[in-house]
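Now for the letters of each chain:
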Amino acid sequence: MVITVISFKGGVGKSTISQNLAVAFAHQGKEVCIIDADKNQSTSMWYRFRQEDYPKVTVFHVPEKGDIAKTINDLEEKYEIVIVDCPPAIEGITNFAVAKSDFSLIPVATTGGSDIWATESFLEHLNLLRTRLNAPLPAFFVINRFEKNVNMHKAYLEALDQYVKAYEVPRLETILSKRTAYGEANTNGCGVVEWDNPDAKAEIEELAAEVQTFAQKLFANHS
Ligand SMILES: Nc1ncnc2c1ncn2[C@@H]1O[C@H](COP(=O)(O)OP(=O)(O)OP(=O)(O)O)[C@@H](O)[C@H]1O
Ligand SMILES: [Mg+2]
């Protein structure tokens, strides 16, 4: 299974979600790797801090002029789950990653303003790719950094519902809250399932379960 984590907006949690999902899957005994497709190499840095006695998550990066489609093909043979952590830009690399993956996750931070415009421009781009490739290219929103007491965040969820319908990109039920545990775990090469915040651990386990449920449905439809 190949999952691409993508958005045109920087800082929305692509790397955080890639790392935390990978760690959650590794704790279930799955063979999992991340392709760090971003030049900023933040997931590769995270990997350097990961202790060897933790469940294994391997991180690969795509060389400057590397072929991401080939990298995905090769790794798909060897790993049960391949997660592609994308850069925040339209590039050949992101198009290939979306095209080659079983589905994409689009993290959205609910702070409004440019977040919603960046999301819309990504969805327009996704539609172009769907038409050009004549492929469904399934994708889901994942709400990240949510603060339930902030009105703007609740309003954003309502605004996002319009995109859910217009672009056929459902929103996963799991909502990730704003928690310092994400930054702390990241700095230590961990996922929050390995950290001391039970709420963060629970929401990432819920996200991993929801992603797997969707994947099972997708593969059942294909077989
Ligand atoms: N749910 C959260 N709660 C608190 N902090 C978070 C959360 N998710 C992400 N962050 C923090 O927000 C910052 C940006 O997250 P991250 O690097 O995952 O975003 P990104 O989309 O990969 O960014 P870029 O586009 O630069 O690659 C990081 O410092 C991360 O620790
Ligand atoms: Mg990143």
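Attention here is on the structure that accompanies the text. (Residues numbered from 1 in each chain as written. Chains lettered and ligands numbered in written order. Predicted model: local features only at pLDDT ≥ 70, side-chain atom pairs only at ≥ 80, totals over all residues.)

**Some thoughts on the overall build of the protein chain**
Note the following rule: Counting from the N terminus, the helices are the DSSP runs of H or I reaching at least four residues and the strands are the DSSP runs of E reaching at least two. The globule rule used for comparison is 2.2 Å times the number of residues to the exponent 0.38, while the radius of gyration itself is calculated over C-alpha atoms. Using C-beta atoms placed from the backbone, we call a residue buried if 20 or more other C-beta atoms fall within 10 Å of its own, exposed if 12 or fewer do, and partly exposed for counts in between. Each residue gets a C-beta atom placed from its backbone, and two residues are in contact if those atoms lie within 7 Å.
Looking only at helices and strands, the protein chain has 8 helices and 7 strands in total. The C-alpha radius of gyration computed for the protein chain amounts to 16 Å, which stays within 12% of the reference 17 Å derived for 223 residues, consistent with globular compactness. In terms of its C-alpha atoms, the protein chain occupies a principal-axis envelope of roughly 45 × 40 × 35 Å. Within the protein chain, the proportion of its 223 residues that are buried is 39%. Sequence separation of 24 or more characterises 76% of the internal contacts of the protein chain that already satisfy a separation of 6 or more.

**Let's talk about the nonpolar core**
Selection rule: We define a nonpolar core as a collection of buried residues of the types Ala, Val, Leu, Ile, Met, Phe, Trp, Tyr and Cys that are connected via C-beta atoms lying within 7 Å of each other.
Counting residues in each nonpolar core, the largest one holds 58 residues, and the members touching the most others are Leu21, Ala22, Ile83, Val84, Ala97 and Ile106. Ranked by the residues each element gives to this core, the list is headed by helix H1 (residues 14-27), at 7 residues.

**What to know about the environment of Phe96**
Counting through the fold element by element, Phe96 comes out in helix H4 (residues 92-100). With 20 C-beta atoms packed within 10 Å, Phe96 lands in the buried category. Remark: the alpha-carbon pair of Phe96 and Lys78, spanning 18 residues in sequence, is separated by 19 Å. Not counting residues within four places of it along the chain, the set of residues in contact with Phe96 comprises Ile68 and Ala69.

**Describing the site of ligand 1**
What counts, and what does not: For each residue, a C-beta position is placed from the backbone atoms; the residue is near a molecule or strand when that point lies within 6 Å of it. Each residue is assigned to one of three groups, with Ala, Val, Leu, Ile, Met, Phe, Trp, Tyr, Cys and Pro labelled nonpolar, Asp, Glu, Lys and Arg labelled charged, and all others, Gly among them, labelled polar.
Close contacts around ligand 1 come from 19 residues, with Gly10, Lys14, Ser15, Thr16 and Pro88 the closest. At the level of elements, H1, strand S6 (139-146) and helix H7 (180-187) are the ones that each hand at least two residues to the shell around ligand 1. Its residues assigned to classes, the shell around ligand 1 shows 4 nonpolar, 10 polar and 5 charged.

**Here we look at H7**
Helical geometry note: an α-helix holds 3.6 residues per turn, so side chains three or four residues apart project in the same direction. The test is simple: Taken from the helix axis, the directions to the C-beta atoms give the arc we talk about.
When we look at burial in H7, the residues that qualify are Tyr182, Ala185 and Asn186. All buried residues of H7 fall inside an arc of 100° around its axis, so they share one side. Opposite the packed face of H7, turned more than 90 degrees from it, sit the exposed residues Thr180, Gly183 and Thr187. Buried residues belonging to H7 abut H1, helix H2 (42-48) and helix H8 (198-222). One or two residues past the end of H7 sits Gly189, with phi positive at roughly 70°.

**Thoughts on the pairing of strand S2 (residues 32-36)**
Heads up, the condition is: DSSP calls a pair of strands paired once it identifies at least 2 bridges connecting them.
In terms of burial, S2 is largely enclosed, as 5 of its 5 residues are buried. Sheet topology note: the S2/strand S3 (residues 57-61) ladder contains 5 bridges and is parallel. Note that in S3 the partner of Cys33 across the bridge is Thr58. Inspection of the sheet shows S2 paired to strand S4 (residues 81-85) by 5 bridges, in the parallel sense. Bridge assignment links Cys33 to a residue of S4, and that residue is Val82.

**Things to note about the pairing of S6**
A regular strand places its side chains on the two faces of the sheet in alternate fashion. The test is simple: A crossover counts as right-handed when, viewed with the strands pointing away from the observer, the path leading from the first strand over the helix to the second turns clockwise.
Counted residue by residue, S6 has 7 buried out of 8 residues, so it is predominantly covered. Where strand S5 (residues 103-109) and S6 come together, 6 bridges link them in parallel fashion. In the strand pairing of S6, Leu105 is matched with Phe140. With 3 bridges joining them, S6 and strand S7 (residues 171-177) adopt parallel strand pairing. Of the residues in S7, the one forming a bridge with Phe141 is Arg171. Once the chain exits S6 it traverses helix H6 (residues 151-167) before rejoining the sheet at S7, and the crossover so formed is right-handed.

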